[in-house]
Amino acid sequence: MADIAAVLGRLTPDELEEIRSAGPRGHLSRQIVQALDRAAGGPGLGRGYYVPTGSVSATGSPHQVLRSDVAAWLFGAHAQAEATNQV
């Protein structure tokens, strides 16, 4: 898996803002999942940066959230502690 800073650095300001608006445990939109894939190098390559929550959307797609260390990098160390307690 590539460097977290490098991958997140390839996201647009709008994409980063959407992630920040969702919060460290917020469900990622399909567009953000695709943006993370793109930033990581192509379709499916961002999977290490987001993980399924175990729940699904109304359309049957799995809910995805940032992996705890990625959330910690973006939101601060308290995000990792919060993610560990909620997953």
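Below is a short write-up of the structure. (Residues numbered from 1 in each chain as written. Predicted model: local features only at pLDDT ≥ 70, side-chain atom pairs only at ≥ 80, totals over all residues. Heavy atoms only, no water.)

### With respect to helix 4 (residues 68-75)
Here is step 1 of the chain: For helix 4, the complete set of buried residues consists of Val70, Ala71, Ala72, Leu74 and Phe75.
Here is step 2 of the chain: After helix 4 finishes, the residue Gly76 shows a positive phi value of roughly 110 degrees. (Buried < 20%, exposed > 50% of the residue type's maximum accessible area, 1.4 Å probe, protein only. Helix = DSSP H or I, 4+ residues; strand = E, 2+ residues; numbered from the N terminus.)

### What to know about the nonpolar core
Here is step 1 of the chain: Counting residues in each nonpolar core, the largest one holds 19 residues, and the members touching the most others are Leu8, Leu11, Ile19, Leu28, Leu36, Leu66 and Leu74.
Here is step 2 of the chain: Counting only elements with at least two residues in this core, the list comes to helix 1 (4-9), helix 2 (13-22), helix 3 (30-40) and helix 4.
Here is step 3 of the chain: When residues in this core are grouped by element, the largest group, five residues, is from helix 3.
Here is step 4 of the chain: Not counting chain neighbours up to four residues away, the residues in contact with Leu36 comprise Val7, Leu8, Leu11, Leu28, Gly46, Tyr50 and Leu66. (Core = buried A, V, L, I, M, F, W, Y, C linked by side-chain atoms within 4.5 Å. Contact = heavy atoms within 4.5 Å.)

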